[in-house]
Amino acid sequence: NAGVTQTPKFRVLKTGQSMTLLCAQDMNHEYMYWYRQDPGMGLRLIHYSVGEGTTAKGEVPDGYNVSRLKKQNFLLGLESAAPSQTSVYFCASSPTGTSTEAFFGQGTRLTVV
Amino acid sequence: AQSVTQLDSQVPVFEEAPVELRCNYSSSVSVYLFWYVQYPNQGLQLLLKYLSGSTLVESINGFEAEFNKSQTSFHLRKPSVHISDTAEYFCAVIRANNAGNMLTFGGGTRLMVKP
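Residues numbered from 1 in each chain as written. Chains lettered and ligands numbered in written order. Predicted model: local features only at pLDDT ≥ 70, side-chain atom pairs only at ≥ 80, totals over all residues. Heavy atoms only, no water.

Colleague: Please clarify how the overall build of chain A should be interpreted in this entry.
Modeller: A count of helices and strands for chain A gives zero helices and eleven strands. For a compact globule of 113 residues, the expected C-alpha radius of gyration is about 13 Å, and chain A comes in at 13 Å, within 12% of that figure. Seen through its principal axes, chain A has C-alpha atoms that stretch 40 × 30 × 25 Å. Counting every position in chain A, which comprises 113 residues, the buried fraction comes to 48%. Of the contacts made within chain A by residues no fewer than 6 positions apart, 53% connect residues no fewer than 24 positions apart. Only carbon and sulfur atoms are counted for the fraction: they give 52% of the accessible area of chain A, which is about 5,300 Å². Charge separation in chain A, taken as the distance between the mean sites of 10 positive and 8 negative side-chain charges, equals 8 Å. (Helix = DSSP H or I, 4+ residues; strand = E, 2+ residues; numbered from the N terminus. Rg over C-alpha atoms; globule rule 2.2 N^0.38 Å. Buried < 20%, exposed > 50% of the residue type's maximum accessible area, 1.4 Å probe, protein only. Contact = heavy atoms within 4.5 Å. Areas by Shrake-Rupley, 256 points an atom, 1.4 Å probe, with all protein chains shown as cover. Lys, Arg positive; Asp, Glu negative; His and termini not counted. Charge placed at Lys NZ, Arg CZ, Asp CG, Glu CD.)

Structure follows, in structure tokens:
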């Protein structure tokens, strides 16, 4: 049982390059999220999705885009990477209802030089 | 909007000593409260949660947290820590009746257990 899988695990980008981070979950969860983790700031929500075909902005959406074409996948795109986007990115998913436990992937460490 | 404050960024403690990791939140509406743990180079895992009912909640590995509504706190405690408890701990909230269950996290507390 894989849970939440993120691809890739590490990446180094040059300023201005683009890339897509892939998140896949096999738990049939409705909700999916992308967070970034920076020292001392905890995790901050970038974008989220409450179902297939829907996305919404979180706390820090600028410079990122997302898509949820299939229920099990949630893609995070950086169109023109900046050094400020150097971070560890976590994808998570959760079911609806009051159980409200989120399941996290292992993270993607992105460095923009 | 809600916010979460973890008052200590790092907590060093000797093995078998008690520990308390502090968490305070602010919100104009009811919230659900969580503690997540992140071991080195891993994702976050749920440690315990408070949704309703008894204000004292426990995890399977000896941690407990108490919801204090008047002080808007949800401090995490363990009476005797182990080396294996070394990790970063995040307090988080979800606004009740929130379509999407989005978590708002505190800045994290790094627990360092020394032998």
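Colleague: I'm lost on the interface of chain B and chain A in this one. Help?
Modeller: How big an interface is tends to be stated in terms of the accessible area lost upon association of its parts. Opposite the 22 residues of chain B that make contact, chain A presents 24 residues. Summing the contributions of chain B and of chain A, the shared interface buries around 1,700 Å²; its carbon and sulfur component is 55%. Where chain B meets chain A, there are zero salt bridges. Linking chain B to chain A there are seven residue pairs in polar contact (both at pLDDT 80 or more). Elements represented by at least two residues in the side of chain B that touches chain A include exactly β5 (31–38), β6 (44–50) and β10 (87–95) of chain B. With four residues, the single largest contributor to the side of chain B that touches chain A is β5(B). Residue classes in the side of chain B that touches chain A are distributed as twelve nonpolar, eight polar and two charged. (Buried area = accessible area lost by both parts, 1.4 Å probe. Salt bridge = Lys/Arg side-chain N within 4 Å of Asp/Glu carboxyl O. Polar contact = N/O pair within 3.5 Å; in protein donor to acceptor, adjacent residues only side chain to side chain. Nonpolar A, V, L, I, M, F, W, Y, C, P; charged D, E, K, R; others polar.)

Colleague: Quick question: what am I supposed to make of the confidence of the model for chain B here?
Modeller: For any part of a model where pLDDT is low, the fine detail of the predicted coordinates should not be relied upon. On average, chain B scores 92 in pLDDT, and the residues at 70 or more come to 100%. Per-element mean pLDDT across chain B ranges from 88 in strand β7 (residues 56–58) of chain B up to 98 in strand β3 (residues 19–21) of chain B. (pLDDT = per-residue confidence, 0-100.)

Colleague: Where do I start with the side chain of Arg36(A) in this structure?
Modeller: Residues and elements named next belong to chain A. By secondary structure assignment, the location of Arg-36 is in strand β4 (residues 31–37). A polar contact of 2.9 Å, which involves the side chain of Arg-36, links it to the side chain of Asp-38. A polar contact of 2.9 Å, which involves the side chain of Arg-36, links it to the backbone oxygen of Ser-84.

Colleague: What's the story with the side chain of Ser94(A) in this structure? I'm lost.
Modeller: Topologically, Ser94(A) is positioned in strand β9 (residues 87–94). Apart from residues no more than four positions distant in its own chain, Ser94(A) is found in contact with His29(A), Glu30(A), Tyr31(A), Tyr33(A), Glu101(A), Ala102(A) and Asn101(B).

Colleague: Which parts of the structure should I look at to understand the state of the cysteines?
Modeller: A covalent bond bridging the sulfur atoms of two cysteines is what the word disulfide describes. Counted by the stated rule, this structure contains two disulfides over all chains. Across the disulfide from Cys23(A) sits Cys91(A); the S-S distance is 1.9 Å. Disulfide Cys23(A)-Cys91(A): torsion about the S-S bond near -75 degrees, hence left-handed. Pair noted here: Cys23(A) is in strand β3 (residues 19–25) and Cys91(A) is in strand β9, with a separation of 68 residues, a long-range link. Paired through a disulfide, Cys23(B) and Cys91(B) show a sulfur-sulfur distance of 2.0 Å. Here the disulfide of Cys23(B) and Cys91(B) is left-handed, its torsion about the S-S bond being about -65 degrees. Here Cys91(B) lies in strand β10 and Cys23(B) lies in the loop between β3 and β4 (24–26), a separation of 68 residues in the sequence. Its relative accessible area of 0% is what places Cys91(B) among the buried residues. (Disulfide = S-S within 2.5 Å.)

Colleague: Can you help me understand unusual backbone geometry in this one?
Modeller: Cis rather than trans, the peptide bond between Thr7(A) and Pro8(A) has omega equal to -5 degrees. Looking at the secondary structure, you find Pro8(A) in the loop between β1 (4–7) and β2 (10–13). The phi dihedral of Asn41(B) falls on the positive side, at around 60 degrees, and the residue is not glycine. According to the relative accessible area criterion, Asn41(B) is exposed, its value standing at 73%.

Colleague: What should I look at first to understand the packing of aromatic side chains in this one?
Modeller: Centre distance and the angle of the planes are the two values used to describe a pair of aromatic rings. In total, this model carries twelve aromatic pairs over all chains according to the counting rule given. The structure contains a cluster of three or more aromatic residues connected by ring pairs, namely Tyr33(A), Tyr35(A), Phe104(A), Phe34(B), Tyr36(B), Phe90(B) and Phe105(B). (Phe/Tyr/Trp six-rings, centres within 6.5 Å; stacked < 30°, edge-to-face > 60°.)

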